[in-house]
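# Observations on chain architecture
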Amino acid sequence: MGAKENTKKKSKKDSQLVIRINSAERDRFVDLCDELDSSAAREVRNFIREFLRKHERPD
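To keep things clear, this report deals only with the structure shown in the data block. (Residues numbered from 1 in each chain as written. Predicted model: local features only at pLDDT ≥ 70, side-chain atom pairs only at ≥ 80, totals over all residues. Heavy atoms only, no water.)

### Let's talk about the packing of aromatic side chains
- One pass over the structure, following the stated rule, counts 1 aromatic pair.
- With a centroid separation of 5.8 Å and an interplanar angle of 35 degrees, the aromatic rings of F47 and F51 are classed as tilted. On the criterion of helical spacing, the pair formed by F47 and F51 is a turn pair, its members being 4 residues apart in helix α3 (residues 40–55).
- According to the relative accessible area criterion, F51 is partly exposed, its value standing at 45%. (Phe/Tyr/Trp six-rings, centres within 6.5 Å; stacked < 30°, edge-to-face > 60°. Helix = DSSP H or I, 4+ residues; strand = E, 2+ residues; numbered from the N terminus. Buried < 20%, exposed > 50% of the residue type's maximum accessible area, 1.4 Å probe, protein only.)

Okay, here's the thing in structure tokens:
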């Protein structure tokens, strides 16, 4: 099994997070993500990862 295949298995997305947001803000966010050649989901995942790195305490 190659390294690329290994990475895919590690990052399997198996859960959802449902949030409520103002529709105008959502539309602005999605439009900006499109302009930046990204997706809203990718940017939210990146935000969560960065937030965790910044705020989690080492065990």
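Picking up after the structure, the text goes on.
### A short note on unusual backbone geometry
- Notably, D37 is not glycine yet its phi reads approximately 55 degrees, a positive angle.
- Along the chain, the position of D37 falls in the loop between α2 (23–35) and α3.

### A look at the packing of α2 against α3
- Close contact between α2 and α3 brings their axes to 9 Å; oriented N to C, the two are set at 95 degrees. As judged from the angle between their axes, α2 and α3 are roughly perpendicular. Only A40, E43 and V44 of α3 make contact with α2, whose side of the interface consists of F29, V30 and C33.
- Class assignment of the residues belonging to the contact of α2 with α3 gives a composition of 5 nonpolar, no polar and 1 charged. (Axes fitted to C-alpha atoms, helices over the stretch in contact; angles between N-to-C directions. Parallel < 35°, antiparallel > 145°, perpendicular 65-115°, else oblique. Contact = heavy atoms within 4.5 Å. Nonpolar A, V, L, I, M, F, W, Y, C, P; charged D, E, K, R; others polar.)

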